[in-house]
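# Structural features, examined
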Amino acid sequence: MDLTTLAVFIPACFALNMAPGPNNLLSISNASRYGFVRACSGGIGRLLAFAIMIALAAVGLTAVLHTSELLFLGIKFVGAGYLFYLAVQLWRAQPEAGGEATVTSMSMTSLARQEFLVAIGNPKAILLFTAFLPQFVDRAGTVTQQFAVLGGLFLALECIAIGLYCYMGIYARRLFARPSGKRLFNRMCAGLLASAASFLLVARRS
């Protein structure tokens with residue numbers, strides 16, 4: 001791939017990585033509750049989901065979402081339902097349990113599963129890869145190889161975004177150190193996740 005294409009792709013891609021979507025909001029919440037390393041490690045689930053979506057986009061399978069209203073609605077309702085479930089759990093979380101017991105209450109595997117389910121349950125994310133990545137692919141070249149390069153760059157930039165959002169969560173935990181502050185922060189994150197779920201419910205295919 002030529003450098004001109006990459007010079008346009010990288011900043012545009014990073015802007016998408018840093019957009020405050022459901023997974024990034026989840027990273028903030030998890031980092032504030034379970035710590036930086038654990039929350040970052042949980043982001044592996046998100047990366048796995050995105051890798052699957054990129055692979056589907058590369059072989060053209062995501063075009064099915066553009067034509068199948070039932071499939072799109074099914075993924076959308078499942079994803080929104082899971083986000084609402086997480087929002088309720090976060091709203092009801094007890095801030096007094098914010099010590100070491102909280103840190104060990106969820107394993108990295110559980111956090112990774114959580115990130116994976118949030119990402120894979122968002123059909124708009126799947127369509128994003130279908131609409132965004134092909135714009136930077138030269139059809140005269142090897143399409144699969146170009147998708148691999150662009151997908152690898154997207155995942156690398158997503159790792160940076162995960163780290164930055166987790167750091168925001170650590171900063172927020174220090175800012176809201178008292179139990180009342182933790183409760184407020186948890187409920188703010190719960191409200192944002194519920195809002196993300198609501199936006200997902202009203203999303204239409206593009």
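All values reported here derive from a predicted model rather than from experimental measurement. (Residues numbered from 1 in each chain as written. Predicted model: local features only at pLDDT ≥ 70, side-chain atom pairs only at ≥ 80, totals over all residues. Heavy atoms only, no water.)

With 13 residues, helix α7 (residues 108-120) extends 18 Å from end C-alpha to end C-alpha; this agrees with the ideal 18 Å at 1.5 Å per step. The complete set of buried residues in α7 reads Leu111, Ala112, Gln114, Glu115, Val118 and Ala119. End-on, the buried residues of α7 take up no more than an arc of 155°, which puts them together on one face. (Helix = DSSP H or I, 4+ residues; strand = E, 2+ residues; numbered from the N terminus. Expected span 1.5 Å × (residues − 1). Buried < 20%, exposed > 50% of the residue type's maximum accessible area, 1.4 Å probe, protein only. Arc of directions from axis to C-beta.)

Scored by pLDDT, the chain has a mean of 78; 74% of the residues are at 70 or more. Considering each helix and strand of the chain separately, the mean pLDDT is smallest for helix α6 (residues 100-103), with a value of 43, and largest for α7, with 92. Counting interchain partners and residues more than four positions distant, the pLDDT-below-50 stretch residues 97-104 has 7 contacts. (pLDDT = per-residue confidence, 0-100. Contact = heavy atoms within 4.5 Å.)

Judged by nonpolar contacts, the single largest core of 26 residues is most densely connected at Phe9, Phe50, Phe129, Leu133 and Phe154. Listing elements by their share of this core, those giving two or more residues are α1 (3-18), α3 (36-59), α8 (123-132) and α9 (143-175). Residues contacting Phe154, with those up to four places away along its chain left out, are Cys13, Asn17, Phe50, Ile54 and Phe129. (Core = buried A, V, L, I, M, F, W, Y, C linked by side-chain atoms within 4.5 Å.)

Attention now moves to the packing of α1 against α9. For the pair α1 and α9, the least separation of the axes is 9 Å and the interaxial angle reads 40°. With respect to each other, α1 and α9 are oriented oblique. Judged by the sense of rotation from one axis to the other, the crossing of α1 with α9 is right-handed. Contacts between α1 and α9 involve Leu6, Phe9, Ile10, Cys13, Phe14, Asn17 and Met18 from the former and Leu150, Leu153, Phe154, Leu157, Glu158, Ile160, Ala161, Leu164, Tyr165 and Met168 from the latter. (Axes fitted to C-alpha atoms, helices over the stretch in contact; angles between N-to-C directions. Parallel < 35°, antiparallel > 145°, perpendicular 65-115°, else oblique. Left-handed = near helix turned anticlockwise from the far one by under 90°.)

All right, on to the UniProt feature "transmembrane region" (unreviewed entry) in the chain then. Per the UniProt record, "transmembrane region" (unreviewed entry) is found at residues 47-65, 71-88, 116-137, 149-172 and 184-203. Between the first and last C-alpha atoms of residues 149-172 the distance is 35 Å; the span itself is 100% helix and 0% strand. (UniProt positions renumbered as here; feature names shortened; annotations may be inferred.)

Evaluated as defined, the whole model comprises 2 salt bridges. A salt bridge links Arg46 to Glu115; its shortest N-O distance comes to 3.1 Å. One end of the pair, Arg46, is in helix α3; the other, Glu115, is in helix α7, and 69 residues separate them in sequence. Each of the two residues, Arg46 as well as Glu115, counts as buried. Measuring nitrogen to oxygen at the nearest pair gives 2.6 Å for the salt bridge that ties Arg46 to Glu158. In this pair, Arg46 sits in helix α3 while Glu158 sits in helix α9, placing the two residues 112 residues apart along the sequence. The class for Arg46 is buried, based on a relative accessible area of 0%. (Salt bridge = Lys/Arg side-chain N within 4 Å of Asp/Glu carboxyl O.)

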